[in-house]
Structure formats: structure tokens, C-alpha cells
Amino acid sequence: MTLAATASRPTLASVLASGSVLPVAIIVLTTILIWYAAAVPMNKVLTQPLIDAAGGGFYDTLSVSWSLPRPVLPAPHQVLAELWNTVFTVEPWRPRSLLYHCWVTLSSTLLGFVLGTLLGIGLAIAIVHVKALNRSLMPWIIASQTIPILAIAPMIIVVLGSIGLTGLLPKSLISMYLCFFPVTIGMVKGLTSPDPMQLDLMRTYHASTSQVLWKLRWPSAVPFLFTSLKVAIAIALVGAIVAELPTGAQAGIGARLLNGSYYGQTQQIWAALIAAAVMSSGLVWLVGFIERQAARAMGTKS
Amino acid sequence: MAAASVIEARDLSLTFETADGPVYALSKVNLTVHDGDFVSFIGPSGCGKTTLLRVIADLEQATEGVISVNDMRPDEARRKRAYGYVFQAPALYPWRTIERNVALPLEIMGFSAGERTERIQRNLDLVNLTGFEKKFPWQLSGGMQQRVSIARALAVDPKLLLMDEPFGALDEIVRDKLNQQLLELWGRTKKTVVFVTHSIPEAVFLSSRIVVMSPRPGRIIDVIETNFPKDRSLDIRETPEFLKVAHRVREGLREGHSYED
């Protein structure tokens with residue numbers, strides 16, 4: 001009786017050994033250890049006099065290196081403290097709150113993502129249906145992505161600002177500029193993915209071009225669309241942050257990064273980077289979640 | 001006396017221009033298919049049997065000669081949706097359930113929702129697949145999937161059914177069963193069927209007329225009438241009459257090859 005119970009109940013060791021818990025924990029721990037270790041030499045320029053003054057022992061070295069007010073590389077617990085202070089101890093609508101800045105960046109990310117997705121799908125539909133566009137438009141689409149976004153972002157912001165467009169929209173347009181590309185490429189592939197037999201079938205029904213598009217090409221392209229959207233939403237976030245950098249934006253993750261580097265607040269930079277990473281993974285997860293729902297509705301074998 | 005002709009081809013030729021020079025897929029083909037016929041095209045690969053079927057369906061266009069389908073040009077017939085086409089593979093849409101796959105041509109041709117439901121039921125019943133409406137294609141065997149594609153072709157109630165090696169990818173046991181079912185279906189619905197195959201027993205068992213074809217250039221070398229009873233069963237394949245017809249088909253195929261190779 002007790003034997004059976006112990007056999008069926010997984011022990012801590014077996015959970016660690018079988019699942020992904022152990023590998024994940026090892027990677028996280030290793031990263032944190034390397035981070036702590038790296039903080040010592042990285043901060044050496046600032047800490048050397050203080051360490052000497054404190055006595056110069058091993059313990060003094062560590063405690064001084066990991067508790068500088070303006071370190072070159074903050075220790076993980078300093079970043080955590082910064083995150084705690086800016087997320088949980090301030091109302092989220094105050095500019096001192098990191099959540100406020102997250103929301104500013106997130107809103108332009110989402111708007112840019114929606115615009116970019118619509119543009120990307122529209123271009124793909126046009127390219128698939130008009131042969132000439134494939135030759136004439138595609139080189140420009142590819143060329144558009146070879147220009148460093150950092151180089152044209154200020155121009156876009158300035159030009160749009162001169163016609164009175166400021167705030168959310170210019171930033172979103174930069175996100176859009178980055179994220180339409182994977183959508184176009186993926187959707188051109190997806191919309192042309194039906195095999196000749198399925199297209200012939202539509203021909204025997206004398207189906208119109210739009211019937212072929214909505215009943216055959218579009219459903220065939222859905223898996224391609226979601227793969228593209230995962231890439232697109234991540235780079236939409238990058239676009240929104242980049243758009244905040246060169247323009248002296250007052251709010252957003254990009255503004256946080258810029259402010260942090262002006263005033264040597266590296267904790268603030270790291271906290272903003274972690275916030276961006278969390279948002280990015282959350283958004284990619286969300287797209288993946290919707291993808292799984294769509295796949296289930298479309299009868300995909302699971 | 002003779003039934004009205006559904007398909008009429010006169011001196012039909014089709015040449016594909018390729019990088020390696022012209023390929024004569026069809027050469028001077030003359031053919032008449034009457035209303036209610038079950039006609040099989042048989043021949044080795046490359047003899048143009050599928051191409052001929054595709055010309056009838058307006059999926060390819062002949063380069064020379066005349067062909068009429070229901071007294072129309074093939075493109076007109078296609079626009080009037082005069083035929084149902086069954087491909088080598090079921091070509092079901094994986095994201096549609098069985099009933100919605102059968103509904104596809106009905107949706108495209110603008111049938112009302114009530115009419116669609118009625119036709120889905122009737123045609124799934126015709127291929128013995130009642131009860132599988134809500135399944136997705138991957139949940140069905142290959143033979144069942146091909147039956148769905150037959151139901152889909154029949155859903156719009158065309159007078160003419162064009163079938164391109166529909167059972168070619170199935171194993172022999174399933175193929176026998178489907179041959180029997182197809183024959184019953186033909187007897188019941190009185191459709192005209194044009195059937196492409198490379199199996200001699202299949203062609204002889206199913207057809208009222210067998211068109212033997214030969215490659216390079218693709219042409220008709222023999223047309224054989226069979227006179228088996230309409231309610232024949234698979235056992236007929238053991239009879240001397242059956243073997244005689246099969247022998248003549250085989251001879252024809254061999255002859256077509258004799259001045260090749």
C-alpha cells in the first residue's frame with residue numbers, strides 16, 4: 001500500500017531529472033553566477049579605492065562591487081531592487097513607474113504591429129495576384145530592410161513632426177516599417193502553398209479569384225502567417241524602442257534606456273531591458289497561444 | 001437509336017513546347033462518348049490519357065482539332081459547371097470537416113444553406129459515409145477520403161463525372177471494394193463516367209467501353225465494347241468473356257509498344 005503510493009508519487013529528484021526543470025534551473029543559476037562574478041572586474045575602476053579603504057579583503061571586494069550606487073555592471077539583486085521599486089512601489093500611471101513606460105512602448109508596438117500586419121498581408125495578396133508586382137515590388141521590399149532603422153528613424157520622426165504628427169503614430173510607423181517584412185515574405189509563400197491539384201479543383205468549379213483566395217489560399221497560408229507574426233511582433237517591439245531612442249522621447253522603454261545612460265543609472269537600463277524582454281516573450285507567447293486556438297479550430301491533428 | 005453524345009473529339013492534338021523540343025501528348029484523337037457510357041482510358045504512363053481527360057475538363061487546351069462537351073466548347077462547359085472531377089489524390093481541404101469539404105463546390109456555386117445540407121446528406125449516403133460529417137480528413141482512411149472526394153464531385157449533380165486514376169494510390173482490397181461501389185453508383189445515378197486507369201482488370205470490370213492508348217505520340221489504338229450485365233459482381237473477373245476482353249486490352253497495349261523501345 002505505502003509502497004505503491006511512494007512509487008506513484010514522483011519524488012523531487014525524479015521531477016528534476018525527467019522534466020525541463022533541471023536544465024532550465026542550471027542555465028538560470030549559471031547566468032546569475034557569471035553575472036555576479038563579472039560585476040567584480042567590470043566595476044574595478046570605480047571600486048578599487050573603496051576596496052582599499054575598506055581593507056582590501058575578499059569579503060570587502062564583493063560587498064563593495066555589488067552595492068555601488070552607480071555601477072558599470074549592477075549585480076542582479078540591484079536590478080531586482082530597481083524593478084521592485086519602479087513596479088510595485090509607484091502607481092502605474094506615474095512617470096516614475098516602469099509599468100507606465102512599458103505601456104507607452106507597448107501601445108505603439110501593438111499599433112505598429114497591426115498596421116504592419118495589414119500592410120504585409122495586403123502586399124502579399126497583391127504580389128500573389130499580379131505577376132508584375134512580384135518583379136517590381138519585391139526588390140524594393142527587400143531593399144527597405146537593408147537600411148539600418150536607426151538611420152531613418154530620426155528622419156521619419158522629424159518629417160512626420162513637421163506635418164504635425166507626433167507621439168504614438170510616428171513610433172508605430174517605425175514598428176510597422178520593420179514588421180511588415182516578415183509578414184509579406186511569409187504570406188507570399190503561404191498564399192502560393194496550395195498544390196496544383198487543389199488549384200485545379202477550384203478551376204473545375206469555375207471559382208472566382210476571390211473565392212480561390214478566401215476558400216483556398218488564405219486557409220493554406222494561416223500556418224505561415226502565425227510563424228511570420230511571431231517574428232513580426234518581436235521586432236515591432238524593437239522598432240518601438242528604437243523609435244524612442246533618437247528623438248528624445250519623454251516616455252517609453254527607449255526613453256528609460258536613454259535616461260539611464262545619461263545619468264549613469266545602469267540599474268535603470270537593466271530593469272528596462274528586462275521589462276522589454278518580458279514584454280517581448282509575453283507577446284510571442286500570446287501569438288503562439290492564438291495560433292494553437294486557430295489550429296484547433298482548423299482541425300489540425302494534435 | 002444511339003444515345004446523345006456527351007463528348008465528341010475530332011482530330012484532337014496537343015503538343016507541349018518544352019525546352020527539349022515539342023512533346024506530342026495527343027495526336028489525332030477521335031472519340032465519342034455517349035450519354036450513360038462508362039468509358040475508361042487505359043495505357044502506360046505518358047500515353048496522354050490524363051491529358052485527354054484534362055482537355056475534356058478544360059484544364060489543358062488542345063492545340064489542334066475540335067472537341068465538344070455537352071455540345072459546348074470545353075471552356076464553356078467548365079463555366080456552366082457541366083462535370084465533376086475526381087483527382088488521383090482526394091485533394092480534400094484539411095481544415096474543413098467532411099461535410100464542409102462536400103459543401104465546397106456548393107458554396108462556390110451559390111447553393112442555399114438548406115439545399116447544401118440536403119445534398120451533403122444525400123451524397124455522403126451515396127458513398128456510404130453517413131456519420132462521418134463532423135470528422136476531419138486525417139481521421140479517415142485513404143479509401144474513405146477518396147469516397148468523400150467522389151461525393152464532393154457528385155454534390156453539384158453533374159451529368160458527367162471525370163475520374164483521373166481515382167483509386168491508383170489505394171491497395172488492391174480497397175480498390176476492389178470501391179470498384180464495386182462505383183459500379184453500383186453508376187447504375188443508380190445514370191451518370192456518364194470517363195475514367196482514367198492503368199489497371200487492366202479495373203478497366204474491364206468497370207467499363208462499357210475501353211479506350212486503349214499508346215504513348216509517343218499519345219493516341220488511341222483500340223476501342224473495345226464490353227457487354228457485361230449491369231449488375232455484375234467482382235466474380236465476373238474469373239469468366240472466359242472477361243479474360244477475353246482483358247486479353248484484347250493487353251494485346252493492344254503490347255502492340256502500342258512494339259515499335260518503341
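Everything below is about the structure shown above.
Residues numbered from 1 in each chain as written. Chains lettered and ligands numbered in written order. Predicted model: local features only at pLDDT ≥ 70, side-chain atom pairs only at ≥ 80, totals over all residues. Heavy atoms only, no water.

Caption draft 1: Region of interest: the overall build of chain B. Of regular secondary structure, chain B possesses eight helices and nine strands. Its C-alpha radius of gyration of 18 Å places chain B within 12% of the 18 Å reference for a compact globule of 261 residues. For the C-alpha atoms alone, the extent of chain B along its principal axes is close to 55 × 45 × 45 Å. The 261 residues of chain B split such that 56% are buried. Across chain B, the fraction of contacts at a sequence separation of at least 24, relative to all contacts at a separation of at least 6, is 70%. For chain B, the accessible surface area stands at approximately 11600 Å², while carbon and sulfur atoms represent 52% of it. Counting 34 positive and 36 negative side-chain charges, chain B places the averaged centre of each group 5 Å from the other. (Helix = DSSP H or I, 4+ residues; strand = E, 2+ residues; numbered from the N terminus. Rg over C-alpha atoms; globule rule 2.2 N^0.38 Å. Buried < 20%, exposed > 50% of the residue type's maximum accessible area, 1.4 Å probe, protein only. Contact = heavy atoms within 4.5 Å. Areas by Shrake-Rupley, 256 points an atom, 1.4 Å probe, with all protein chains shown as cover. Lys, Arg positive; Asp, Glu negative; His and termini not counted. Charge placed at Lys NZ, Arg CZ, Asp CG, Glu CD.)

Caption draft 2: Summary view of the overall build of chain A. Across its full length, chain A carries 14 helices and zero strands. Listed N to C, the secondary structure of chain A is α-α-α-α-α-α-α-α-α-α-α-α-α-α in terms of helices and strands. Reported as C-alpha extents along the three principal axes, the dimensions of chain A are approximately 90 × 80 × 35 Å. The proportion of buried residues among the 302 residues of chain A is 42%. Counted over contacts in chain A with a minimum sequence separation of 6, partners at least 24 positions apart contribute 71%. Summed over its atoms, the accessible surface of chain A is roughly 16500 Å², and 73% of this surface lies on carbon and sulfur atoms. Of note, chain A has its 17 positive side-chain charges centred 12 Å away from the centre of its 8 negative side-chain charges.

Caption draft 3: Just the packing of aromatic side chains, in detail. Residue and element names in this part refer to chain B. Under the defined criterion, the tally for this structure stands at 13 aromatic pairs over all chains. Here tyrosine 83 and tyrosine 85 contribute two aromatic rings whose centre-to-centre distance is 6.4 Å and whose plane-to-plane angle is 65°, an arrangement assigned as edge-to-face. Classification of tyrosine 85 as buried rests on a relative accessible area of 4%. On the numbers, 5.2 Å between centres and 35° between planes, the contact of tyrosine 93 with tryptophan 95 is tilted. You'll find tyrosine 93 and tryptophan 95 in the same group, each marked buried. Through a chain of ring-to-ring contacts, the aromatic side chains of Phe38, Phe167, Trp186 and Phe195 assemble into a single cluster. Taking the ring centre of tryptophan 186 as reference, the NZ or CZ of lysine 230 above it sits at 4.1 Å. (Phe/Tyr/Trp six-rings, centres within 6.5 Å; stacked < 30°, edge-to-face > 60°. Lys NZ or Arg CZ within 6 Å of the ring centre and 35° of its normal.)

Caption draft 4: The arrangement of the interface of chain B and chain A in detail. Residue-level contacts link 26 residues of chain B with 20 residues of chain A. Of all residues in chain B, B:Tyr93, B:Trp95 and B:Ile108 bury the most surface against chain A, accounting for 31% of the area lost on that side. Seen at the junction of chain B and chain A, the total is three salt bridges. We note a salt bridge from A:Lys215 to B:Glu107, for which the minimum N-O separation is 2.8 Å. Counting across the interface, chain B meets chain A through nine residue pairs in polar contact (both at pLDDT 80 or more). Counting only elements with at least two residues in the side of chain B that touches chain A, the list comes to helix H2 (74–79), strand E5 (83–86) and helix H3 (98–108) of chain B. (Buried area = accessible area lost by both parts, 1.4 Å probe. Salt bridge = Lys/Arg side-chain N within 4 Å of Asp/Glu carboxyl O. Polar contact = N/O pair within 3.5 Å; in protein donor to acceptor, adjacent residues only side chain to side chain.)

Caption draft 5: Examining the pairing of E5(B) more closely. All names here are of chain B. Where burial is concerned, the two faces of E5 agree: the one with Tyr83 and Tyr85 and the one with Gly84 and Val86 are both buried. As paired elements, E5 and strand E6 (residues 160–164) share four bridges and run parallel to each other. Considered in E6, the bridge of valine 86 is made with methionine 163. (Pairing = 2+ DSSP bridges.)

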